[in-house]
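Commentary on secondary and tertiary structure
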Amino acid sequence: MLHPDAKLAANIFDNPAAQTTREGFGRGVVEAGEQDERVVVLTADLAESTFAHYFQKKFPERFVQVGVAEQNMATVAAGMANYGKIPFFTSYATFSPGRNWEQIRTTIAINNVPAIVCGMHAGVSVGPDGATHQALEDIAMMRALPRFTVISACDAEEGRKATLAAAKLGSPVYMRFGREKTPIMTTADTPFEIGKANIFWESESPAVAIFATGPLVHNALLAARELEGQGIGVTVTNVHTIKPLDQTIVDIAKKAGAVVTVEEHQIAGGFGSAVAELLARECPLPIEFIGVHDMFGQSGTPKELIAHYKMDAPSIIEAVKKVIARKS
Amino acid sequence: MEPLTDREIRELSHKAHAIRKTIIEMLAAAGSGHLAGPLGMADIFTALYFHILKHDPKDPEWSERDRLMLSNGHITPVRYATMAHAGYFPVEECLTLRKFGSRLQGHPEREKLPGVETTSGPLGSGLSQASGYAYAARMDGKTFRVICLMSDGEQEEGNTWEAAMFAGKYRLTNLTAIMDRNNIQIDGNTEDIMPLEPLRDKYEAFNWHVIEVDGHNIPQFIAACDEARSIREKPTIIIAHTTPGKGIPTIENDYRWHGTPPGKGPTDKVPAEKQKEVFLQELETSGK
């Protein structure tokens, strides 16, 4: 059943409201700007797509248009953060942190200045734009960087809260957001703290612990409900902070004895890898990985692509059954 | 600023000479690092730290200080040596360059040594950091200047020109860029590796005010910095023509010494084991 502490939306399974996580960012960064005048927002010719235009409209004097130049954007932001501003810089994740990763490494991570990288259009759910614009490697490249916190919001509301929290953190942050409207699962009352995972679903005697990140958390919940009907209990934990990873994952995994990870990202180096690294050290268990298996995306509707790359609810159900069969 | 007296010019030249000596000694002790660029920029660094910059060696974090950002981090030995001679830390500490546990990292790191302002090394991203810094400072009405030193080789990086466009668009008049135009890079002469000229025309086309100086003529360089301060419409770049390896005739203008310390360089003129000693002698002679 849905975990009461998560205070999730009542209509989570029944025609839930939908909004893009990037719009959650757009609303959150305006609030962050209201709370702290050091907050500035940069974009590389994508003000509307990144929802930076909300901030542009509210605080034109604190909005910086850098043109199509992501390397410049990252380093201008680094200079601003070095001075004492709190810059959020926005583009598509394939370009930022994709194209400007070295600049981020040197001038933000090694330099240790609190700039916030906001990568939109993460995952195959970008849809018709095709493989070039579907970021599937960003978690891997950002969680490899010391000093970076890595956040992947499950819905627009969590995206808003994550943005507010990032502004207060005082160290480098990467946040990934999606293009497509996805179900709003959380409410204003749902707890959010960087580094703290939230259990969204808990069966009485779970056979599998599902750890999910990003909007696919909703597919994990759909799978959990279906599995419960089949007499298979699971937990679904929303892991919005991929780095630092919440160590309570170990206890949740131990209790179930098997794990499925869910992410809209390459399996190599992604969220599932982070979970596997932790569990291999603390309590080796069978794990199945939902995500993209060493392939690029392609054009299509988000729904077609999520199904094709086996990240839909039926694929999660299949993975749960497979990992149960592997339990010794 | 008032023009320098002859005596002041002589004093600055002596400082530059002492800094060059320290550079040779610290690189020989490190056994790796770049020699030609630091020697070529010693006069400019001397002018900056002993005449141009508003700064306080005893308070490197002083909020109103001018910010000196070094984009081509590999010439950091000249910055370390100059900072030491200016009183930021003891000159002897220069001998820890590139050693385990040293504050003097092979390429500068902001958090390791107060006063280095930013982390750099990978080329092409200093001008944009300096631009972001200058932009932010102007938002808050700050009056200090942001100065970015960069190499000619890194004009081959796309990021440099993205920054040039940005600083031009936003008329960052509180920003001065200084390019070390020494015509060499690791693999050869710049005009063979990737022709850069006409650099003046390029920056003018990007809406910069351009001044060219002899980078070893301290009064000329100081006058250029004064002129940069007076330009109210555009950012200014000073293209400083320098001689790589300046002060050691054996290595001057020889690109093979771009990234090599004394004791590890080409041996066709001076055997490796004699390089430090010979270079220090040549420096003494050329300084007279």
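Residues numbered from 1 in each chain as written. Chains lettered and ligands numbered in written order. Predicted model: local features only at pLDDT ≥ 70, side-chain atom pairs only at ≥ 80, totals over all residues.

A few points about the overall build of chain A
Across its full length, chain A carries 11 helices and 14 strands. Taking 2.2 N^0.38 as the reference for a compact globule, 328 residues should give roughly 20 Å; the C-alpha atoms of chain A span a radius of gyration of 19 Å, in line with that estimate. Seen through its C-alpha atoms, chain A measures out along the principal axes to roughly 55 × 40 × 35 Å. Put simply, of all contacts in chain A between residues at least 6 apart along the chain, 81% involve residues at least 24 apart. (Helix = DSSP H or I, 4+ residues; strand = E, 2+ residues; numbered from the N terminus. Rg over C-alpha atoms; globule rule 2.2 N^0.38 Å. Contact = placed C-beta atoms within 7 Å.)

Overview of the interface of chain A and chain B
Counting residues at the interface gives 22 residues for chain A, matched by 23 residues for chain B. Elements supplying a minimum of two residues to the side of chain A that touches chain B: α3 (70-83) and α4 (101-110) of chain A. Residues that form the side of chain A that touches chain B fall into these classes: nine nonpolar, 11 polar and two charged. (Nonpolar A, V, L, I, M, F, W, Y, C, P; charged D, E, K, R; others polar.)

Topic: the confidence of the model for chain B
When pLDDT is averaged along chain B, the result is 96; 99% of the residues meet or exceed 70. Confidence estimates for the predicted assembly give a pTM of 0.96 and an ipTM of 0.95. (pLDDT = per-residue confidence, 0-100.)

Some remarks on the UniProt feature "domain: Transketolase N-terminal" (unreviewed entry) in chain B
The UniProt record annotates "domain: Transketolase N-terminal" (unreviewed entry) at residues 15-264 of chain B. The annotated region residues 15-264 of chain B carries 37% helix and 13% strand content, and the separation between its end C-alpha atoms amounts to 27 Å. (UniProt positions renumbered as here; feature names shortened; annotations may be inferred.)

Observations regarding the pairing of strand β3 (residues 175-181) of chain B
All names here are of chain B. Counted residue by residue, β3 has seven buried out of seven residues, so it is predominantly covered. Residues of β3 alternate between two faces, with Leu175, Ala177, Met179 and Arg181 on one and Thr176, Ile178 and Asp180 on the opposite face, all of them buried. Pairing analysis gives six bridges linking strand β2 (residues 146-151) to β3, with the strands arranged parallel. The residue of β3 that forms the bridge with Ile147 is Thr176. Regarding the hand of the β-α-β motif, the stretch spanning β2, helix α6 (residues 158-169) and β3 is right-handed. Direction of pairing for β3 relative to strand β7 (residues 236-241): parallel, over a ladder of six bridges. Across the sheet, residue Arg181 finds its bridge partner in β7, namely His241. (Buried ≥ 20, exposed ≤ 12 C-beta atoms within 10 Å, placed from the backbone. Pairing = 2+ DSSP bridges. Right-handed = clockwise from strand over helix to strand, strands pointing away.)

Some remarks on the domain arrangement of chain A
By a frequent convention, interface size equals the accessible area lost on bringing the separate parts together. Residue and element names in this part refer to chain A. If you check the domain split of chain A, you get domain 1 (4-14 + 191-326) and domain 2 (19-183). The gap between the C-alpha centroids of domain 1 and domain 2 is 25 Å. Residue assignment for the side of domain 1 that touches domain 2 shows that the elements contributing at least two residues are α7 (217-229), β12 (241-243), β13 (259-266), α9 (271-282) and α10 (302-308). Here the residues of the side of domain 1 that touches domain 2 are counted per class, giving 16 nonpolar, 15 polar and two charged. (Domains from an automatic or database assignment.)

So, the packing of α7 of chain A against helix α11 (residues 313-326) of chain A
All names here are of chain A. In contact at an axis separation of 8 Å, α7 and α11 are set at 60 degrees when each is read in the N-to-C sense. Taken as axis vectors, α7 and α11 run oblique relative to one another. The handedness of the crossing between α7 and α11 is right-handed. Contact residues: Asn219, Ala220, Leu222, Ala223, Glu226 and Leu227 in α7; Ala313, Ile316, Ile317 and Val320 in α11. (Axes fitted to C-alpha atoms, helices over the stretch in contact; angles between N-to-C directions. Parallel < 35°, antiparallel > 145°, perpendicular 65-115°, else oblique. Left-handed = near helix turned anticlockwise from the far one by under 90°.)

Overview of the UniProt feature "domain: Transketolase-like pyrimidine-binding" (unreviewed entry) in chain A
As recorded in UniProt, the sites labelled "domain: Transketolase-like pyrimidine-binding" (unreviewed entry) are residues 19-184 of chain A. Annotation note: span residues 19-184 of chain A, helix share 40%, strand share 20%, distance between end C-alpha atoms 7 Å.

A look at the nonpolar core
Residues and elements named next belong to chain A. With 191 residues, the main nonpolar core has Ile210, Ala220, Val259 and Ile316 as its most contacted residues. No fewer than three residues from each of domain 1 (4-14 + 191-326) and domain 2 (19-183) sit in this core. Setting aside residues no more than four positions away along its own chain, Ile316 makes contact with Ile210, Asn219, Ala220, Ala223, Val260, Val262 and Ile290. (Core = buried A, V, L, I, M, F, W, Y, C linked by C-beta atoms within 7 Å.)

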